[in-house]
Amino acid sequence: SWRTTADIADNWNSMISNLGINSRLYPSAGPGGWNDPDMLEVGNGGMTTTEYEAHFSLWAISKAPLIIGCDVTKMSNDTFRILTNKEVIAVNQDKLGVQGRIVASSSSPSFYEAQSIFLNQRLLQKQQQLQQGGHKIVDHEDVLFNSAINDADDDDDNLQDVGAVSCNANDASQRWTINGADGSIRNQKLGLCLDLFYCNTAVGAAVGVYQCHTNQTGQQCNSLNQKWDYTPGGTIVSRLDKMCLDVYNNEGPVVSAYTCNGGNNQKWTLGTDGLLRSGDANLCLGLSNPTEVWAGPLSDGSAAVILFNKSSNQQNITASWDAIFSKNVPKTASVRDLWAHRDLGSLSQGVSASVPSHGVMMYKVTPQ
């Protein structure tokens, strides 16, 4: 195995940061060589039991080495239960050796693409720095990669997806300040600016929030990717490419930059409460409630599946059979809950569950 991330710490943000970086490298893993996002923190006390279950499940489906990082002489009953779950361990040790990956998400696919671009840019920058210093890349590839990963980790909190969410005036992450002078739209909770990631001018490009640089010189595309023209009750138009801020299919949750068409899903109103309401008054611009479906094939023809709730609220998540099985999609499948250790019977189309904040549901799904 090889390390793919900076050292993990015993907290939620560190865990999901390492997970996110490692998840993008799934094509590199397989029998004989495995991506290692660092050891397990289960039992060290910095996360909740729910978070530790998620941590263990996601490392297992990722085929990461399951290296215990706690004092085994002082394990609690919950820690012992998590670390000795034979059904979850069996997923990790399955002989097919395919790393599980995200197959569905409430975030736009272009947001994950933007994250990958960021990591690749950091790697390129580090390569150039080493070459300018007269070094051979092959002699420093471990240092190079870990340095780039550290930069990506430091920046993760400043690169977040936005979405169309149910309006809540008590949620500071839904409150915005529009500055007509510099064109910025700033999130009041994070202090970050609405950003067309990496100056991408493609239709459907990812929009999120990032550290503000509208008044700084030397920025990519002259910071036009953070400058917007707002017409009250009308559109929010990027000064970079004249694309409109768009709520996908008028129902979200995906929000992206799309060709302006006058549709109700491209109209926005900033209220006195700071909420940016879309044409559908029940939806507001906010930080996404990120949920993910992870899946990976197993050697017996079944699939391991995880419903992962990264948000701060309980969420209903569905994994459809067509998302899990790219070929020969079954009409029905038998489902086993790997944490409850019970069979859920034969289900058609998919499996759904209410998943606690920072929690997972993990299943083995067998086509019938």
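Further remarks concern the state of the cysteines. Overall, the coordinates contain four disulfides when judged by the stated rule. Across the disulfide, C244 is cross-linked to C260 (sulfur-sulfur distance 2.0 Å). Across the S-S bond linking C244 and C260, the dihedral sits near 100°, which makes this disulfide right-handed. Of the two residues, C244 is situated in strand 11 (residues 244-247) and C260 in the loop between strand 12 (255-258) and strand 13 (268-270); the sequence distance between them amounts to 16 residues. Disulfide connectivity for the protein chain, with bonded cysteines indexed by sequence position, reads 1-8, 2-4, 3-5, 6-7.

Next up on the list: helix 1 (residues 12-23). Taking 1.5 Å per residue as the helical rise, helix 1 with its twelve residues ought to reach 16 Å, and the 16 Å between its terminal C-alpha atoms agrees with that figure. When you tally the buried positions in helix 1, you get ten out of twelve residues, the bulk of the element. Taken residue by residue, helix 1 has W12, S14, M15, I16, S17, N18, L19, I21, N22 and S23 as its buried positions. At the N-terminal boundary of helix 1, the capping side chain belongs to N11, with an oxygen 3.3 Å from the backbone nitrogen of N13.

Here the focus is the pattern of salt bridges. Under the definition given, this model contains ten salt bridges. In this structure, D38 engages R3 in a salt bridge whose closest nitrogen and oxygen atoms are separated by 3.4 Å. Residue D38 is located in the loop between strand 2 (35-36) and helix 2 (49-61), and its partner R3 is located in strand 1 (residues 2-3); the two are separated by 35 residues in the primary sequence. Classification of D38 by relative accessible area gives buried; the value is 11%. Between R239 and D229 there is a salt bridge, with its nearest N and O atoms 3.0 Å apart. Here R239, found in the loop between strand 10 (236-238) and strand 11, pairs with D229, found in strand 9 (residues 228-230); they are ten residues apart in sequence, far enough to count as distant. You can call R239 partly exposed: its relative accessible area is 23%. One connected set of salt bridges, linked through shared partners, spans R3, D7 and D38.

What counts, and where the lines are drawn
Residues numbered from 1 in each chain as written. Predicted model: local features only at pLDDT ≥ 70, side-chain atom pairs only at ≥ 80, totals over all residues. Heavy atoms only, no water. Disulfide = S-S within 2.5 Å. Helix = DSSP H or I, 4+ residues; strand = E, 2+ residues; numbered from the N terminus. Expected span 1.5 Å × (residues − 1). Buried < 20%, exposed > 50% of the residue type's maximum accessible area, 1.4 Å probe, protein only. Polar contact = N/O pair within 3.5 Å; in protein donor to acceptor, adjacent residues only side chain to side chain. Salt bridge = Lys/Arg side-chain N within 4 Å of Asp/Glu carboxyl O.

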